[in-house]
Amino acid sequence: MALLAALGVVLLTGCSSAVEVTAPPQAGSPACTAAGRQWPTTVSGKDRVETTADSGAVAAWGDPPVIARCGLGALAPTTEQCLDVDGVDWVVRKASDGAVFTTFGRDPAIEVLVPNAYAPEPLLLPAFGAAAKALPANGHSCK
């Protein structure tokens, strides 16, 4: 939960089953609107679940939820681990309860939060390839 809370994501319990997620600053951009149309139907065999964000740029799947958000600022060059998955570069940050993957070389960026329950977490990234490829490239790459 530490990872999710730090990123403005709180899971609701009790009477609501929606995943509370804050839409990033550029969620309303045309690029994120296009990317949101490319979200997968299922992720790791889990169906999409409702979120509280009133934006097609935010989506979640399963329980615990895998959460994707489009509309973050593009990442600057980094020395953090970077993976090329099917032609999309992702910067990886480990967290105590999972991993955070952020597109690299795309502006705006997509962030995917993957709980430990889905380990190994990078295996979920191909599901987000179409959405990531819908974003404009900015010339940066892992290489």
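As a reminder, the structure under discussion sits directly above these lines.
What counts and how
- Residues numbered from 1 in each chain as written.
- Predicted model: local features only at pLDDT ≥ 70, side-chain atom pairs only at ≥ 80, totals over all residues.
- Heavy atoms only, no water.
- Buried < 20%, exposed > 50% of the residue type's maximum accessible area, 1.4 Å probe, protein only.
- Helix = DSSP H or I, 4+ residues; strand = E, 2+ residues; numbered from the N terminus.
- Pairing = 2+ DSSP bridges.
- Phe/Tyr/Trp six-rings, centres within 6.5 Å; stacked < 30°, edge-to-face > 60°.
- Polar contact = N/O pair within 3.5 Å; in protein donor to acceptor, adjacent residues only side chain to side chain.
- Contact = heavy atoms within 4.5 Å.
- Core = buried A, V, L, I, M, F, W, Y, C linked by side-chain atoms within 4.5 Å.
- Disulfide = S-S within 2.5 Å.
- Salt bridge = Lys/Arg side-chain N within 4 Å of Asp/Glu carboxyl O.

Just give me the short version of the pairing of strand 6 (residues 66–72), but keep the residues and values in it.
Within a regular strand, side chains alternate between the sheet's two faces. For strand 6, the buried fraction is high: 7 of the 7 residues fall into the buried class. By the bridge criterion, 4 bridges tie strand 5 (residues 58–61) to strand 6 in an arrangement that is antiparallel. Bridge assignment links Ala59 to a residue of strand 6, and that residue is Ala68. Between strand 5 and strand 6, which follow one another and run antiparallel, lie 4 residues, and Gly62 among them has a positive phi close to 75°. Two strands pair when backbone bridges link them, and strand 6 and strand 10 (residues 109–115) are joined in this way by 5 bridges, in the antiparallel orientation. Residue Leu72 lies in a different strand from strand 10, and its bridge partner there is Ala109.

Can you tell me about the packing of aromatic side chains, naming the residues and giving the values?
In the structure shown here, the tally under the stated rule is 3 aromatic pairs. Geometrically, the ring pair formed by Trp39 and Trp61 is edge-to-face, given 6.2 Å between the ring centres and 80° between the ring planes. Taken together, the positions of Trp39 in the loop between helix 2 (30–36) and strand 3 (42–43) and Trp61 in strand 5 put the pair 22 residues apart, joining distant regions of the chain. Summarising the burial analysis for this pair, Trp39 and Trp61 share the class buried. Ring plane angle 75° and centroid distance 6.3 Å describe the contact between Trp39 and Phe128, whose orientation is recorded as edge-to-face. Remark: Phe128 occurs in the loop between strand 10 and helix 3 (129–133) and Trp39 occurs in the loop between helix 2 and strand 3; sequence separation between them is 89 residues. Among the residues examined, Phe128 registers a relative accessible area of 0% and is labelled buried. Members of the aromatic cluster, connected to one another through ring pairs, are Trp39, Trp61 and Phe128.

An account of the side chain of Ser55 is needed here, citing residue identities and associated values.
By secondary structure assignment, the location of Ser55 is in the loop between strand 4 (46–49) and strand 5. For Ser55, a relative accessible area of 19% gives the class buried. Separated by 3.0 Å, the side chain of Ser55 and the backbone nitrogen of Ala57 make a polar contact. Ignoring any residue separated from it by four or fewer positions in sequence, one finds Ser55 in contact with Ala23 and Ala27.

Run through the nonpolar core, naming residues and quoting values.
Core analysis: the biggest nonpolar cluster contains 28 residues, and Trp39, Val66, Trp90, Ile110, Val112 and Phe128 have the highest contact counts within it. In this structure, Val19, Ala53, Ile67 and Leu113 belong to the second largest nonpolar core, which totals 7 residues.

I'd love a proper account of the state of the cysteines, names of residues and values included.
As enumerated under the stated definition, the model contains 2 disulfides in all. Between Cys32 and Cys70 runs a disulfide, and the two sulfur atoms are separated by 2.1 Å. Residues Cys32 and Cys70 are joined through a disulfide that is left-handed, its torsion about the S-S bond being -75°. One end of the pair, Cys32, is in helix 2; the other, Cys70, is in strand 6, with 38 residues separating them in the sequence.

How would you sum up the pattern of salt bridges? Please name residues and give values.
Applying the stated criterion across every chain, the model contains 4 salt bridges. With a closest N to O distance of 2.9 Å, Arg69 and Glu111 form a salt bridge. Of the two residues, Arg69 sits in strand 6 while Glu111 sits in strand 10, which places them 42 residues apart along the sequence. The class of Arg69 is buried, set by a relative accessible area of 7%. For the salt bridge of Glu121 with Lys94, the shortest nitrogen-to-oxygen distance reads 3.6 Å. Of this pair, Glu121 sits in the loop between strand 10 and helix 3 while Lys94 sits in strand 8 (residues 88–95), and the two are 27 residues apart along the sequence. One network of salt bridges, with partners in common, ties together Arg69, Arg93 and Glu111.

Honestly, it's all geometry; don't read function into it.
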